[in-house]
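Letter by letter, the chains look like this.
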Amino acid sequence: STFLDAWFRLSEPLMLFWTRQQNKENSKGDLVSVIIATYNRSNILINRTLPPILAQTHENIEVIIVGDKCIDDTADLLNALNDPRIVFYDLPKRGVYPKNAKDRWFVQGSVPRNKGMKLAKGQWFVFISDDDVLYEHHLETLLSAAKKDNLELISASYKTVKDGVEFVVHPD
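Everything quoted here is computed from the prediction, not taken from an experiment.

Description of the nonpolar core
Residues Val32, Val34, Ile36, Leu50, Ile53, Val63 and Ile65 are the most contacted members of the largest nonpolar core, which totals 19 residues. Dropping the residues within four chain positions of it, Val34 is found in contact with Ile53, Glu62, Val63, Ile64, Val126, Ile128 and Leu139. Among the nonpolar cores identified, the runner-up in size contains five residues, and Ile64, Val66, Leu91 and Ala120 belong to it.

Things to note about the sheet that holds strand β3 (residues 86-90)
Two strands in a sheet stick together by hydrogen bonds in their backbones, pointing the same way (parallel) or opposite ways (antiparallel). In space, the four strands of this open sheet follow the order β3-β2-β1-β4, with parallel pairing throughout. This sheet does not close on itself; its edge strands, each paired only once, are β3 and β4 (124-129). Neighbouring strand axes in the sheet, compared pairwise and without regard to direction, differ in orientation by 20° on average. Pairing geometry for strand β1 (residues 32-38) and strand β2 (residues 61-67), over seven bridges, is parallel. Bridging across to β2, Ile36 finds its partner in Ile65. Contacting β1, β2 and β3, helix α3 (residues 74-81) crosses the sheet at an angle of about 160° to β3.

Comments concerning the pairing of strand β5 (residues 158-162)
Here β5 pairs with strand β6 (residues 165-169) via five bridges, running antiparallel. Considered in β6, the bridge of Thr160 is made with Phe167. Two successive antiparallel strands, β5 and β6, enclose a turn made up of two residues, where Asp163 displays a positive phi of approximately 55°.

Some details on the packing of helix α2 (residues 42-54) against α3
Interhelical geometry of α2 versus α3 gives an angle of 35° and a closest axis separation of 8 Å. Contacts from Ser42, Leu45, Ile46 and Leu50 in α2 reach Thr74, Leu77, Leu78 and Leu81 in α3. Classifying every residue of the contact of α2 with α3 gives six nonpolar, two polar and no charged.

Here's the deal with a nonpolar patch on the surface
A contiguous nonpolar patch, built from Phe3, Leu4, Trp7 and Phe8 and spanning about 490 Å² of accessible area, is present on the exposed surface. Examined against the element boundaries, Phe3 turns out to sit in helix α1 (residues 2-26). The exposure class assigned to Phe3 is exposed, which follows from its relative accessible area of 61%.

Points about the confidence of the model for the protein chain
On average, residues of the protein chain carry a pLDDT of 88, and 93% of them reach 70 or more. β3 holds the highest mean pLDDT among the elements of the protein chain, 98, whereas α1 holds the lowest, 72.

Considerations on the packing of aromatic side chains
Under the criterion given, the structure shown has two aromatic pairs. Seen in terms of ring centroids, Trp105 and Phe106 are 5.2 Å apart; in terms of plane orientation they differ by 75°. Their pairing is edge-to-face. Residue Trp105 shares its accessibility class with Phe106, and that shared class is exposed. On the basis of an interplanar angle of 90° and a centroid distance of 6.2 Å, the ring pair of Phe125 and Phe127 is categorised as edge-to-face. Accessibility expressed as a relative area gives 40% for Phe127, which makes it partly exposed. Above the plane of the ring of Tyr39 lies Arg94, whose end atom (NZ or CZ) is 3.6 Å from the centre. Sitting above the plane of the Tyr89 ring, Lys115 keeps its charged end 4.7 Å from the centroid.

Criteria and cut-off values
- Every chain begins its residue count from 1, and numbering advances along the sequence as written.
- Under the rules for a predicted model, residues below a pLDDT of 70 receive no local features and side-chain atom pairs below 80 are neither given nor counted, while totals for whole chains, interfaces and linings still include all residues.
- No hydrogens and no water enter the side-chain calculation; it runs on all heavy atoms of the structure.
- Definition used in this section: a nonpolar core is a set of buried Ala, Val, Leu, Ile, Met, Phe, Trp, Tyr and Cys residues joined via side-chain atoms within 4.5 Å.
- Think of it in three bands: with a 1.4 Å probe and only protein chains considered, a residue is buried below 20% of the maximum accessible area for its type, exposed above 50%, and partly exposed in between.
- It only takes one pair of heavy atoms within 4.5 Å for two residues to be counted as in contact.
- Strands are treated as partners if at least two bridges between them are detected by DSSP.
- Comment: elements are numbered from the N terminus, with helices defined as DSSP H or I runs of at least four residues and strands as E runs of at least two.
- Working convention: axes come from line fits to C-alpha atoms, limited for helices to the stretch in contact. Angles between N-to-C directions cover 0 to 180 degrees.
- Residues are grouped as follows: nonpolar covers Ala, Val, Leu, Ile, Met, Phe, Trp, Tyr, Cys and Pro; charged covers Asp, Glu, Lys and Arg; every other residue, Gly included, is treated as polar.
- A patch consists of residues whose relative accessible area exceeds 30% and which take part in no salt bridge; residues with like charges are grouped when within 9 Å of each other, and nonpolar side chains (Val, Leu, Ile, Met, Phe, Trp, Tyr) when within 5 Å.
- Areas reported as accessible are Shrake-Rupley estimates using a 1.4 Å probe. Residue values count occlusion only from the protein chains shown.
- For this document, the term salt bridge refers to a Lys or Arg side-chain nitrogen within 4 Å of an Asp or Glu carboxyl oxygen.
- Each residue carries a pLDDT score, the predictor's own confidence in it, on a scale running from 0 to 100.
- Note on ring pairs: Phe, Tyr and Trp rings are taken, using the six-membered ring of Trp, and paired if centres are within 6.5 Å. Classes follow the plane angle, with under 30 degrees stacked, over 60 edge-to-face and the rest tilted.
- Criterion for a charge above a ring: Lys NZ or Arg CZ within 6 Å of the ring centre, and within 35 degrees of the ring normal.

Take a look at the structure:
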């Protein structure tokens with residue numbers, strides 16, 4: 001309706017401004033929350049994904065890992081790391097996902113990521129998969145670019161391997 005359109009056009013900038021002010025007051029200075037959804041992939045998470053995150057040149061981070069009702073040793077292995085920057089929360093019930101594999105691939109992890117956003121304390125969110133590997137300067141580079149141009153959202157290119165061929169995917 002025309003009324004709702006007008007209402008949102010007027011109210012959204014005010015709500016956004018208020019939210020930004022609240023975040024500035026409550027933020028711990030450029031705290032970056034790295035949010036990772038996982039399901040029974042403790043080995044790759046611990047040995048491949050976490051080491052480069054914990055070695056970032058931007059050190060003011062928290063790593064929010066949300067299990068999608070993990071039934072493996074994820075909780076025990078993360079606990080053993082004894083790193084105060086890591087927060088692990090395992091959902092009490094697994095998310096409901098489509099039966100079709102392609103459809104499931106697009107949405108799997110959305111329930112844990114949403115929970116991760118609720119748990120996060122950072123001014124900035126970074127979403128990665130439990131098998132991703134970041135360059136050591138990844139967070140610093142993105143944060144610097146976002147602040148330089150006063151951006152609220154920023155994305156990065158990434159390398160991937162498909163059919164044995166490595167290539168770079170650039171966001172549009």
